[in-house]
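Chain by chain, the residues:
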Amino acid sequence: MRNQVQNNQHKREYWLIVPIRSGHVTTGILALSSFTRPKPYTEKDKNLLCFIANQVNVAIERKSMLLKLSYMAQYDHLTHLPNRALFYDRLQQAIVTGK
């Protein structure tokens, strides 16, 4: 038991952290940590995590753009009120639900 405690005290913890950026703005981070890794993360590991962070950013930006486009398609730009297409869609749903 004593050897286990001593061995645990000598274990190293390695971290690899990269930012998730949108332009010049950091929107988050992607972090890895390891207690069992025998040596620090390599440049190859860093490049892979940077690639993944970039893909996460692309997915976040795409979802944001789809939400924005959906809003623009259904609401008036000046008044922010539902437009005619959204009104007819909701009216149709109400008619179907009422039957």
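Let me sum up the structure you'll find in this document. Please read all numbers here as calculations on a predicted model, not as lab measurements.

## Describing the overall build of the chain
Looking only at helices and strands, one finds 3 helices and 2 strands in the chain. Counting from the amino terminus, helix and strand elements in the chain follow one another as α-β-β-α-α. By residue count, 10% of the 99 residues in the chain fall in the buried class. Counted over contacts in the chain with a minimum sequence separation of 6, partners at least 24 positions apart contribute 30%. Summed over all atoms, the accessible surface of the chain reaches about 8,800 Å², with 59% contributed by carbon and sulfur.

## Some points on the side chain of S34
With respect to the element layout, S34 can be found in strand β2 (residues 25–34). At a separation of 3.3 Å, a polar atom in the side chain of S34 contacts the main-chain amide nitrogen of T36. For S34, the contacting residues outside a window of four places in its chain are R12, E13, Y14 and Y41.

## Remarks on the environment of H80
Inspection of the secondary structure puts H80 in the loop between α2 (43–74) and α3 (84–98). Look past the residues within four positions of H80 in its chain and what remains in contact with it is Y71 and Y75. Engagement of the side chain of H80 in a polar contact is seen with the side chain of Y71, the distance being 3.1 Å.

## Focus on α3
Helix length check: α3 (15 residues) gives 21 Å between terminal C-alpha atoms against 21 Å at 1.5 Å per residue, within 8%. Looking at where α3 begins, the residue whose side-chain oxygen comes 3.2 Å from the main-chain nitrogen of A85 is N83.

## Topic: the pairing of β2
Strand direction decides the pairing type here: strand β1 (residues 14–22) and β2, joined by 9 bridges, are antiparallel. For I17, the partnering residue across the bridge sits in β2 and is A31. Between β1 and β2, which pair antiparallel one after the other, the connecting turn spans 2 residues, and G23 there sits at a positive phi close to 70 degrees.

## Quick notes on the nonpolar core
Within the largest apolar cluster, 7 residues are counted, these being Y14, L16, V18, I20, Y41, L49 and A53. Listing elements by their share of this core, those giving two or more residues are β1 and α2. The biggest single contributor to this core is β1, with 4 residues.

## Regarding α2
Taking 1.5 Å per residue as the helical rise, α2 with its 32 residues ought to reach 46 Å, and the 47 Å between its terminal C-alpha atoms agrees with that figure. Within α2, the full set of buried residues consists of L49, A53 and N57. Structurally, α2 contributes buried residues whose contacts are with β1 and β2.

What counts, and at which threshold
- Residues numbered from 1 in each chain as written.
- Predicted model: local features only at pLDDT ≥ 70, side-chain atom pairs only at ≥ 80, totals over all residues.
- Heavy atoms only, no water.
- Helix = DSSP H or I, 4+ residues; strand = E, 2+ residues; numbered from the N terminus.
- Buried < 20%, exposed > 50% of the residue type's maximum accessible area, 1.4 Å probe, protein only.
- Contact = heavy atoms within 4.5 Å.
- Areas by Shrake-Rupley, 256 points an atom, 1.4 Å probe, with all protein chains shown as cover.
- Polar contact = N/O pair within 3.5 Å; in protein donor to acceptor, adjacent residues only side chain to side chain.
- Expected span 1.5 Å × (residues − 1).
- Pairing = 2+ DSSP bridges.
- Core = buried A, V, L, I, M, F, W, Y, C linked by side-chain atoms within 4.5 Å.

Honestly, it's all geometry; don't read function into it.
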